[in-house]
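Residue strings, one per chain:
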Amino acid sequence: TASLRITRDDAGTALALDMAQLDRVLGAFETVQERAFALGVTLGQPNAADVLGQRGVMVQRDMAADSEQVMRALVADLLAALDRVIADFNAMRDGEGAALHAVLMNQINTIARLTDAATTAAFARRTETRANLRTAIARVLEDATIDEGRLTQELALLAVKSDITEETDRLSAHVTAARGLLADPGPVGRKLDFLTQEFNREANTLCSKAGSTALTAIGLDLKAVIDQMREQIQNVE
C-alpha cells in the first residue's frame, strides 16, 4: 500500500473572485432582505467581509499557463518516482529476508544439534540411572543382598517412563519440516509459528522426562532457542 500527499505551493497561486458564485450570494442576500422587510424585520446591511466570507466566493487560481498540463507532468514524475521507491523497497525486503533466513536456519540447526545431544545424553543416562537405583536400594536394605531380577524390573519401568525417543523423533521431524518451509518461496509465517508451538511442546515433555542434569540442561537450551526462533518468525510473511 502506497500513500501520497500533495501540498500546493501558495507562491504559484493567486486569490480570485468566482463571479458566478458572487452573483448567487448577492442574490441570496437580497432575497433575505426583501423577505425580512415584508415580515417587518429589520436586518443590518451585509458588508464586503460578509460577502467574501461565503463559501466559494474567493477561490485560488493556479497562475500557471496550463494547469492541466502541469498536473499531468506532476503525475508522470510521481509515477516514475514510485517505481524507484517500489524497487528500493523490494531490494530492502530481499536483503532483510536473506538475513532473517540465515538467522532462522542457524536456530533450526541448533535445535537439530541439541536433539542429537539429547539422544546421546539419554543413552548415557541409563548407566547413571542403574547406579543410582542400586545405591538407593542398598541404602534402604543396608546389608541385604540386592535381587538383580527385581533391580532389572525396576530399571525397565523407569526406562519406559523416562524414554524420550518419541520426543527426539518428533523434534527431528519438525526440523525437517522447518527446513522445508524456509525453502518454500510462498508465505510460510503462520505455518512456522505453529511449528514453533510443536517444537516447544516436545521440549517441555523432554524436560519433564529428563531425570539427569545433563538432559535437563539440553532441554532448557532447546526451549531458549525455540523461543528466540518464535520471536524471529513474527517477522516472516
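Below is a short write-up of the structure. Everything numeric in this text was worked out from a predicted model, so none of it was measured. (Residues numbered from 1 in each chain as written. Predicted model: local features only at pLDDT ≥ 70, side-chain atom pairs only at ≥ 80, totals over all residues. Heavy atoms only, no water.)

Overview of the overall build of the chain
Then, number 1: Looking only at helices and strands, the chain has seven helices and two strands in total.
Then, number 2: Reading the chain from its N terminus to its C terminus gives the helix and strand order β-α-α-β-α-α-α-α-α.
Then, number 3: By the burial criterion, 24% of the 237 residues in the chain qualify as buried.
Then, number 4: By sequence separation, contacts in the chain at least 24 residues apart represent 76% of the contacts at least 6 residues apart.
Then, number 5: Total accessible area computed for the chain in this model is approximately 16400 Å², and 56% of it derives from carbon and sulfur atoms. (Helix = DSSP H or I, 4+ residues; strand = E, 2+ residues; numbered from the N terminus. Buried < 20%, exposed > 50% of the residue type's maximum accessible area, 1.4 Å probe, protein only. Contact = heavy atoms within 4.5 Å. Areas by Shrake-Rupley, 256 points an atom, 1.4 Å probe, with all protein chains shown as cover.)

Remarks on the pattern of salt bridges
Then, number 1: Under the criterion given, the structure shown has seven salt bridges.
Then, number 2: Linking Glu167 and Arg170 is a salt bridge whose minimum nitrogen-to-oxygen distance equals 3.6 Å. Of this pair, Glu167 and Arg170 are both found in helix α5 (residues 165-183), three residues apart, which corresponds to roughly one turn of the helix.
Then, number 3: We classify Glu167 as buried; its relative accessible area is 3%.
Then, number 4: A relative accessible area of 33% means that Arg170 is categorised as partly exposed.
Then, number 5: Of the charged contacts, one joins Arg201 and Glu198 as a salt bridge, the two residues approaching to 2.6 Å between their closest N and O atoms. Placement of the pair is Arg201 and Glu198 together in helix α6 (residues 189-208), with a separation of three residues, close to one helical turn. (Salt bridge = Lys/Arg side-chain N within 4 Å of Asp/Glu carboxyl O.)

Brief notes about the layout of surface pockets
Over the atoms, a rolling probe the size of a water molecule traces out where space has been left empty.
Then, number 1: The computed volume of the largest pocket comes to approximately 640 Å³.
Then, number 2: Only α3 (67-141) and α5 provide two or more residues apiece to the lining of the largest pocket.
Then, number 3: The element that contributes the greatest number of residues to the lining of the largest pocket is α3, accounting for nine residues.
Then, number 4: In terms of residue class, the lining of the largest pocket is made up of nine nonpolar, five polar and five charged. (1 Å grid on protein atoms, 1.4 Å probe; cavity = no way out; pocket = protein on both sides within 12 Å on 5 of 7 lines; lining within 4 Å. Points joined across faces, edges and corners; volume = space filled by probe spheres on them. Nonpolar A, V, L, I, M, F, W, Y, C, P; charged D, E, K, R; others polar.)

Here we look at helix α1 (residues 19-38)
An α-helical segment advances 3.6 residues per turn. Residues three or four places apart therefore align on the same side.
Then, number 1: For α1, with 20 residues, the first-to-last C-alpha span of 29 Å sits near the 28 Å given by 1.5 Å per residue.
Then, number 2: Among the residues of α1, those classed as buried are Gln21, Leu22, Val25 and Ala36. With its buried residues spanning 105° around the axis, α1 presents them on a single face. Those residues of α1 that are exposed and aimed more than 90 degrees away from the buried face are Asp23, Arg24, Thr31, Arg35, Phe37 and Ala38.
Then, number 3: Once α1 ends, the next one or two residues include Gly40, with phi positive near 75°. (Expected span 1.5 Å × (residues − 1). Arc of directions from axis to C-beta.)

Here's the deal with the nonpolar core
Then, number 1: In this structure, Ile111, Phe199, Leu206, Leu215, Leu222 and Met229 are the most contacted members of the largest nonpolar core, which totals 29 residues.
Then, number 2: Elements with a contribution of two residues or more to this core: α3, α5, α6 and α7 (213-233).
Then, number 3: Sort the elements by how many residues they give to this core and α3 lands first, with nine residues. (Core = buried A, V, L, I, M, F, W, Y, C linked by side-chain atoms within 4.5 Å.)

Brief notes about the packing of α5 against α6
Then, number 1: Running from amino to carboxyl end, α5 crosses α6 at an angle of 160°, the nearest separation of the two axes being 10 Å. In this view, α5 runs roughly antiparallel relative to α6, as classed from their interaxial angle. The hand of the α5/α6 crossing is left-handed. Seen from α5, the contacting residues are Glu167, Thr168, Arg170, Leu171, His174, Val175, Ala177, Ala178, Leu181 and Leu182; seen from α6, they are Lys191, Leu192, Leu195, Glu198, Phe199, Glu202, Thr205 and Leu206.
Then, number 2: For the contact of α5 with α6, the residue count by class is 10 nonpolar, three polar and five charged. (Axes fitted to C-alpha atoms, helices over the stretch in contact; angles between N-to-C directions. Parallel < 35°, antiparallel > 145°, perpendicular 65-115°, else oblique. Left-handed = near helix turned anticlockwise from the far one by under 90°.)

Quick look at α7
Then, number 1: With 21 residues, α7 ought to run about 30 Å at 1.5 Å a step, and its terminal C-alpha atoms sit 30 Å apart, in line with that.
Then, number 2: Listed in full, the buried residues belonging to α7 are Leu215, Ile218, Gly219, Leu222, Val225, Ile226, Met229 and Ile233. Projected onto a plane normal to the axis of α7, the buried residues spread over an arc of 135° and lie on a single side.

Here we look at a nonpolar patch on the surface
Then, number 1: A grouping of Met71, Leu74, Val75, Leu79, Leu82, Val85 and Ile86 is seen on the molecular surface, where their side chains present a nonpolar patch of about 560 Å² in accessible area.
Then, number 2: Residue Ile86 is classed as partly exposed on the basis of its relative accessible area, which comes to 40%. (Patch = residues over 30% accessible without salt bridge, like charges linked within 9 Å, V, L, I, M, F, W, Y side chains within 5 Å.)

Considerations on the packing of α6 against α7
How two helices sit against one another is set out by the angle between their axes and by the gap between those axes.
Then, number 1: The N-to-C vectors of α6 and α7 enclose an angle of 165°; their axes lie 9 Å apart at closest approach. The orientation of α6 with respect to α7, classified from their angle, is roughly antiparallel. As α6 packs across α7, the resulting crossing turns out to be left-handed. Contacts between α6 and α7 involve Gly189, Leu192, Asp193, Thr196, Phe199, Asn200, Ala203, Asn204, Leu206 and Cys207 from the first element and Leu215, Thr216, Gly219, Leu220, Leu222, Lys223, Ile226, Met229, Arg230 and Ile233 from the second.
Then, number 2: Across the contact of α6 with α7, the residue classes break down as 11 nonpolar, six polar and three charged.

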